[in-house]
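Structural description and commentary
Spelled out from the first residue to the last, the chains are:
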Amino acid sequence: MCGIVGYIGFRSAREVLLNSLKKLEYRGYDSAGVAIISEELKIEKKKGYIDNLKIDFDGSVGIGHTRWATHGIPDDRNAHPFTDCSGKIAIVHNGIIENYMELKEKLIEEGHQFKSDTDSEVIAHLIEKYYQGNLKDAFFKAISHLRGSFAIVAIHADERKIMAAKKDSPLVVGIGDHEKFLASDIPAFLSYTNRVMILKDGEVCEVTEDMVNVYDFSGKKIEKKIEKINWSAEDAEKGGYEHFMLKEIYEQPRAIDDTLHSLISRNEIGMDFEKIVIVACGTSYHAGLTGKYVLENLLHIPVEVYYGSEYRYRAEVNDSYLAIFITQSGETADTLAAAKRAKEIGFPSLGITNVVGSSITNYVDHVLYTYAGPEIGVAATKTFTTQLTTLYYFAINSAMNRGLISKTKYRELMNTLREMAHAVEEVFEEEEKIIEASKIIAEKEHMFYIGRGLNYPIALEGALKMKEISYIHAEGYPAGELKHGPIALISNGMPVIALVPEDSTYEKMLSNVKEVSARNAYVIALSPNEDVEKYVDFLIRVPKTDPLFSPFVNAVALQLLSYHTAKLLGREIDKPKNLAKSVTVE
Ligand code: AGP
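This structure is a prediction, so every number in the text was calculated from the model and none was measured.

On to the overall build of the protein, then. Within the protein, the secondary structure is distributed over 15 helices and 25 strands. Overall, the protein is about 80 × 50 × 45 Å in size when its C-alpha atoms are taken along their principal axes. Evaluated residue by residue, the protein yields a buried proportion of 61% over its 586 residues. A separation threshold of at least 6 residues defines the contact pool for the protein, and within that pool the share at least 24 residues apart is 70%. Looking at the protein as shown, the accessible area adds up to about 22400 Å², and 47% of this sits on carbon and sulfur atoms. Taken together, the 67 basic and 84 acidic charged side chains of the protein have centroids lying 1 Å from each other.

Okay, here's the thing in structure tokens:
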């Protein structure tokens, strides 16, 4: 999991590569590096952030990398780009070369000397092995030996061209006039061009400033479409907010609206199913778990939810279902592996993703796109509420098509879904109150989140958001489970966030609140009902909605709570330690 970039054209390669890498820093920041053809091939690479690079050379062809370490510790030696023994070839790689040990041993026997502990370095040496004055030929031969996942970009000091290949890791080409860009993600070059070519698995491209030739791995030429992206470069920038995360929280009303408009405008996806299995990771898993309650409630069919990494351990029981894969990036390796398995078995499938042309789209029968726009902060925010929007829409529509709800009920539910953009705006009015609550939490080391039913997954999501950006130990529980063990951990003043919607869980949630209060927890409740104030230490009033839709407002209030707590603690909010935006390793 890393960000890779390439440039060939008329501008300063140093500037383009650094600008582009900055936009990809969310993909990993263990080390960074560039290689530029400046008469000869020159390389600068360092452990840590891109800002550590001191580049005193330039040219108009180059490649760059920002790393999230998998093989080899994060240090200067293991930073990309890698060169061959002659020092003329440079490569950057995102993914994992599974057979690198056997390739490396063979190359060492043949006299190649390695400088790093990474899997990626074998690619540079393989190209060198086959190089006879033609980078394209050597590149094709080299990649034919690779097993695993890769997006690779390669250059040779004696040739004015870039070669690139993609398999199970993202790679896109930016098309400018007399200049071309390569990157793991579109925002990397969006300030230069909005015309893109999205490469598919098994494709290789040969790029000069005036041409892009795409081939399959056997060398057969492929015709590719150029697509126009309508996000502006500004969309991918902070737009005046202190952090991407805050900007993205505030973009949710627009993102929910856009997603809903696109869902309404697309043709019905005619799918027949009597059971659903949802597979996802992290925040997307929590969207799936919320979706389970909504789908079961409206469709009265069983819905199971699996972590992407656990789906493979599900035994092949005699079963058939619609498999739904939720992944904002479309590149999460655990979710992709599950989608491949479901495809092999032959289950009908649906993907929900925020990234057009991402890998998940290759493994599913149908795709529903969320229109959150680029999400840069590592913590998922607007992609979560747009995933909820999509799942609710899917459930409401399927219920209508099956005659399970009346037209009046359908209209009522759809109207409430439309109102969510506004309900989320109302949550923003509570920000001052949320900041007050975050001051209490910022002083603590441990906390719990509790909810029931639909709001149990939101308790999990609130806790995930808190731990990933503030590093406070936070755990989410079904409120009724506390008394079966976790309540033993409640200590004096420990914050417990209780989600208390006005639904069938209301009374029972209040009982659970009383249980933890009696053990001296500091209870912060989220509820539309002001009576709750009597039972808790601190109340955050959330807008009144149909209780079925309460996850939207609760999730957004909890995003703000995590954000402000992390800010008070001075954390690196957009780039929390040990995490990367897109997790492309299993
Ligand atoms: C959440 O804030 C995290 N960034 C993480 O849990 C994320 O949701 C998970 O890695 C799944 O990513 P995906 O949606 O891109 O598949």
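Here the focus is the pattern of salt bridges. Tallying each qualifying case throughout the model produces 35 salt bridges. Note that lysine 88 is salt-bridged to aspartate 158, the shortest N-O span being 2.9 Å. Of this pair, lysine 88 sits in the loop between β5 (82-83) and β6 (89-97) while aspartate 158 sits in the loop between β7 (148-156) and β8 (162-167), and the two are 70 residues apart along the sequence. For lysine 88, a relative accessible area of 34% translates into the label partly exposed.

Further remarks concern the sheet that holds strand β4 (residues 61-67). An order of β3-β2-β4-β1-β10-β9-β11-β15 is seen for the eight strands of this open sheet, with the pairing classed as antiparallel. What marks the edges here is a single partner per strand, and that holds for β3 (40-47) and β15 (227-228). Bridge count for strand β2 (residues 31-38) against β3 is eight bridges, and the pairing is antiparallel. Paired with isoleucine 36 across the two strands is lysine 42, which belongs to β3.

With that out of the way, let us pick up the domain arrangement of the protein. Split into domains, the protein comes out as domain 1 (3-235), domain 2 (238-426) and domain 3 (429-573). Taken together, the two surfaces of domain 1 and domain 2 that pack against each other cover about 1100 Å², and 54% of this comes from carbon and sulfur. At the boundary of domain 1 with domain 2, the tally comes to one salt bridge. Aspartate 168 is paired through a salt bridge with lysine 340; the nearest N and O atoms lie 3.3 Å apart. Joining domain 1 to domain 2, the criterion identifies four residue pairs in polar contact (both at pLDDT 80 or more). Looking at side-chain class alone, the side of domain 1 that touches domain 2 contains six nonpolar, one polar and seven charged residues.

Further remarks concern empty space enclosed by the protein. Over the atoms, a rolled probe matching the size of one water molecule traces out where space is still vacant. Applying the stated rule across the entire model yields three cavities of 30 Å³ or more. Of the voids in this model, the largest cavity is the one considered here, and its volume is about 290 Å³. Every residue lining the largest cavity is counted, 27 residues in all, and those nearest its centre are Tyr26, Ser184, Asp185, Ser329 and Val355. Looking at the lining of the largest cavity residue by residue, the classes come out as 13 nonpolar, eight polar and six charged.

Around the ligand there are 14 residues in total, and Ser284, Thr327, Ser329, Thr332 and Glu468 lie nearest to it. For the ligand, an oxygen atom lies 2.6 Å from a polar atom in the side chain of serine 329. For the ligand, whose unbound accessible area comes to 410 Å², protein coverage reaches 91%. A majority-of-atoms criterion places the ligand in the largest pocket. Of all the secondary-structure elements, those providing two or more residues to the shell around the ligand are α7 (282-299) and α13 (456-470).

Time to look at the layout of surface pockets. The volume enclosed by the largest pocket comes to roughly 790 Å³. Forming the walls of the largest pocket are 35 residues, and the residues nearest its centre are Cys281, Gly282, Thr283, Leu464 and Val583. Those elements that provide at least two residues to the lining of the largest pocket are α7, β18 (322-327), α9 (333-345), α13 and β22 (473-478). In the lining of the largest pocket, the residues fall into 16 nonpolar, twelve polar and seven charged.

All right, on to the packing of α7 against helix α10 (residues 382-401) then. Two elements in contact, α7 and α10, have axes whose closest approach is 9 Å; the angle formed by their N-to-C orientations is 20°. By the angle between their directions, the pair α7 and α10 is classed as roughly parallel. As for the relative orientation of α7 and α10, their crossing is right-handed in sense. Contact residues: Thr283, Ser284, His286, Ala287, Gly288, Thr290, Gly291, Val294, Leu295, Leu298 and Leu299 in α7; Phe384, Gln387, Leu388, Leu391, Tyr392, Phe394, Ala395, Ile396, Ser398 and Ala399 in α10. The residue inventory of the contact of α7 with α10, partitioned by class, reads 13 nonpolar, eight polar and no charged.

Here we take up the packing of helix α6 (residues 252-265) against α10. Running from amino to carboxyl end, α6 crosses α10 at an angle of 30°, the nearest separation of the two axes being 9 Å. Crossing of α6 against α10: the hand is right-handed. On α10, the residues touching Gln252, Arg254, Ala255, Ile256, Thr259, Leu260, Leu263 and Ile264 of α6 are Lys382, Thr385, Thr386, Thr389, Thr390 and Tyr393. Of the residues belonging to the contact of α6 with α10, the class tally is six nonpolar, six polar and two charged.

Here is what the cut-offs are and how they apply
- Residue positions within a chain follow its written sequence, with the count starting from 1.
- This being a predicted model, a pLDDT of at least 70 is required before a residue's local features are given, and a value of 80 or more before pairs of side-chain atoms are given or counted; all residues contribute to the totals for chains, interfaces and linings.
- Excluded from the side-chain calculation are hydrogens and water; included are all heavy atoms of the structure.
- Numbering of helices and strands starts at the N terminus; helices are DSSP runs of H or I of at least 4 residues and strands are runs of E of at least 2.
- Accessibility here uses a 1.4 Å probe with only protein chains present; expressed as a share of the type maximum, an area under 20% marks a residue as buried, one over 50% as exposed, and anything in between as partly exposed.
- Any two residues having at least one pair of non-hydrogen atoms within 4.5 Å are treated as being in contact.
- Note on areas: Shrake-Rupley, 1.4 Å probe, and residue coverage restricted to the protein chains presented here.
- Positive: Lys, Arg. Negative: Asp, Glu. His and the chain ends are not part of the count.
- Each charge is placed at NZ for Lys, CZ for Arg, CG for Asp and CD for Glu.
- Just to be clear on terms, a salt bridge is a Lys or Arg side-chain nitrogen sitting within 4 Å of an Asp or Glu carboxyl oxygen.
- When DSSP locates at least two bridges between a pair of strands, those strands are taken to pair.
- For the domain bounds, the source is a domain assignment made automatically or taken from a database.
- Accessible area that two parts lose when put together, evaluated with a 1.4 Å probe and summed over both, is termed the buried area.
- Under this definition, polar contacts are N or O atom pairs within 3.5 Å; protein pairs additionally need one hydrogen-donor-capable and one acceptor-capable atom, and for neighbouring residues in sequence, both atoms have to be side-chain atoms.
- In this count, Pro and Cys sit with the nonpolar residues alongside Ala, Val, Leu, Ile, Met, Phe, Trp and Tyr, while Asp, Glu, Lys and Arg are called charged and the others, Gly among them, polar.
- Grid spacing is 1 Å over the protein atoms alone, the probe is 1.4 Å, and a cavity is where that probe fits but cannot get out, while a pocket is an open set with protein on both sides within 12 Å along at least five of seven lines and lining residues have an atom within 4 Å of a point.
- Grid points are joined across faces, edges and corners, and a volume is the space filled by probe spheres set on the points.
- One heavy atom suffices: a residue is near a molecule or strand as soon as one of its heavy atoms comes within 4 Å of it.
- A cavity or pocket is said to hold a molecule if more than half of that molecule's atoms lie within 2 Å of its grid points.
- Only the contacting stretch of a helix is used when fitting its axis, a line to C-alpha atoms as for every element, and angles between N-to-C directions run 0 to 180 degrees.
- Here is the rule for angles: anything less than 35 degrees is roughly parallel, anything more than 145 is roughly antiparallel, 65 through 115 is roughly perpendicular, and the remaining ranges are oblique.
- Each crossing gets its handedness from the near helix: less than a right angle anticlockwise from the far helix is left-handed, clockwise is right-handed.

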